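The primary structure of each chain is shown beneath.
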Amino acid sequence: MPNLTIVAQILARPDQIEFVKSDLFELIPATRAEAG
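Residues numbered from 1 in each chain as written. Predicted model: local features only at pLDDT ≥ 70, side-chain atom pairs only at ≥ 80, totals over all residues. Heavy atoms only, no water.

- In the nomenclature of an unreviewed UniProt entry, the protein chain is known as Antibiotic biosynthesis monooxygenase of Tropicimonas sediminicola.

Now the structure itself:
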């Protein structure tokens, strides 16, 4: 499978920062488990 790099800037409303941050942190283990 070819490499795919995604660069994104995520903007959250001040009242949603903790919600967005917690969802993004949930992605870290799955991403680190991938080869490469």
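## Some thoughts on the pattern of salt bridges
Phase 1: In this structure the tally under the stated criterion is two salt bridges.
Phase 2: Across the salt bridge formed by E18 and K21, the nearest N and O atoms sit 3.8 Å from each other. Of this pair, E18 and K21 both sit in helix α1 (residues 17-33), three residues apart, roughly one helical turn.
Phase 3: The class of E18 is exposed, set by a relative accessible area of 55%.
Phase 4: Exposure remark for K21: the relative accessible area of 38% places this residue in the partly exposed category. (Salt bridge = Lys/Arg side-chain N within 4 Å of Asp/Glu carboxyl O. Helix = DSSP H or I, 4+ residues; strand = E, 2+ residues; numbered from the N terminus. Buried < 20%, exposed > 50% of the residue type's maximum accessible area, 1.4 Å probe, protein only.)

## Remarks on a nonpolar patch on the surface
Phase 1: A cluster of nonpolar residues, I10, L24 and L27, forms a patch on the protein surface that exposes about 280 Å² of accessible area.
Phase 2: The residue I10 is located in the segment before α1 in this model.
Phase 3: For I10, a relative accessible area of 52% translates into the label exposed. (Patch = residues over 30% accessible without salt bridge, like charges linked within 9 Å, V, L, I, M, F, W, Y side chains within 5 Å. Areas by Shrake-Rupley, 256 points an atom, 1.4 Å probe, with all protein chains shown as cover.)

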